[in-house]
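Chain and residue survey
Residue-level listing of the chains:
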Amino acid sequence: MNIIAKGTLLYYINKYPKGKTALLTWYYEFSKAGFSNFNDLKQVYGSASILQNSRVIFNIKGNDFRLIVAVNFRKQAAYIIWFGTHKEYDKINAETIHFDTDILNYKAK
């Protein structure tokens, strides 16, 4: 699975250092995998939830963090829409939250 805009990943691992190892582990596992559909993905990520607009929610580092990813199974591509703590996740609408395009301008320090 090709994860588009890897700079987004760098932004979030710098913003949430406590989630860095778990998020990088997800990234390496997910980028090596190939899923035909959500059922295939669910066999590997049992706690993942699917939403409208091909969005998938992953629990990262147990229940400490949530990751919202848009997945195109046919093209084997995905991009990270949002990552944050469980507490922050409770304050957003996972089905409608937009990707913050300012993240694309982020330069790792």
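Residues numbered from 1 in each chain as written. Predicted model: local features only at pLDDT ≥ 70, side-chain atom pairs only at ≥ 80, totals over all residues. Heavy atoms only, no water.

**What to know about the packing of helix H1 (residues 6-15) against helix H2 (residues 20-32)**
Where H1 meets H2, the closest approach of the two axes is 9 Å, and the angle between their N-to-C directions is 160 degrees. The angle between H1 and H2 falls in the class roughly antiparallel. Classified by chirality, the crossing of H2 by H1 is right-handed. Residues Lys6, Leu9, Tyr12 and Ile13 of H1 form the contact with H2, whose own contacting residues are Lys20, Leu23, Leu24 and Tyr27. Split into classes, the residues belonging to the contact of H1 with H2 amount to six nonpolar, no polar and two charged. (Axes fitted to C-alpha atoms, helices over the stretch in contact; angles between N-to-C directions. Helix = DSSP H or I, 4+ residues; strand = E, 2+ residues; numbered from the N terminus. Parallel < 35°, antiparallel > 145°, perpendicular 65-115°, else oblique. Left-handed = near helix turned anticlockwise from the far one by under 90°. Contact = heavy atoms within 4.5 Å. Nonpolar A, V, L, I, M, F, W, Y, C, P; charged D, E, K, R; others polar.)

**Comments concerning the sheet that holds strand S2 (residues 49-50)**
Strand pairs in the sheet, formed through backbone hydrogen bonds, run parallel or antiparallel to each other. Strand order across the open sheet formed by five strands is S1-S5-S4-S3-S2, with mixed pairing between neighbours. Two strands lie at the open edges of the sheet, namely strand S1 (2-4) and S2, each paired on one side alone. With three bridges connecting them, S1 and strand S5 (residues 77-85) associate as parallel partners. Looking at the pairing, asparagine 2 lines up with alanine 77 of S5. Along the sheet face, H1 touches S1 and S5 and points at about 15 degrees away from the line of S5. The strands that H2 touches are S1, strand S3 (55-60), strand S4 (65-72) and S5; relative to S3, the one it contacts most, it runs at about 135 degrees. (Pairing = 2+ DSSP bridges.)

**Considerations on the nonpolar core**
By size, the foremost hydrophobic cluster in this structure holds 39 residues, and its most contacted members are Tyr12, Trp26, Phe30, Leu41, Phe58 and Leu67. Taken together, the elements giving at least two residues each to this core come down to H1, H2, helix H3 (38-44), S3, S4 and S5. At six residues, the largest contribution of residues to this core is made by S4. (Core = buried A, V, L, I, M, F, W, Y, C linked by side-chain atoms within 4.5 Å. Buried < 20%, exposed > 50% of the residue type's maximum accessible area, 1.4 Å probe, protein only.)

**Considering the packing of aromatic side chains**
The way to describe two aromatic rings as a pair is by their centre distance and the angle between their planes. Scanning the entire structure with this criterion turns up 16 aromatic pairs. Ring centres of tyrosine 16 and phenylalanine 83 lie 5.5 Å apart, and the angle between their planes is 80 degrees; this geometry places the pair in the edge-to-face category. In this pair, tyrosine 16 sits in the loop between H1 and H2 while phenylalanine 83 sits in strand S5, placing the two residues 67 residues apart along the sequence. The burial state of tyrosine 16 is the same as that of phenylalanine 83; both residues are buried. Consider the rings of phenylalanine 65 and phenylalanine 83, whose centres lie 5.1 Å apart with planes at 15 degrees: the pair is stacked. Of this pair, phenylalanine 65 sits in strand S4 while phenylalanine 83 sits in strand S5, placing them 18 residues apart in sequence. Pair check on accessibility: phenylalanine 65 and phenylalanine 83 agree, each one buried. (Phe/Tyr/Trp six-rings, centres within 6.5 Å; stacked < 30°, edge-to-face > 60°.)

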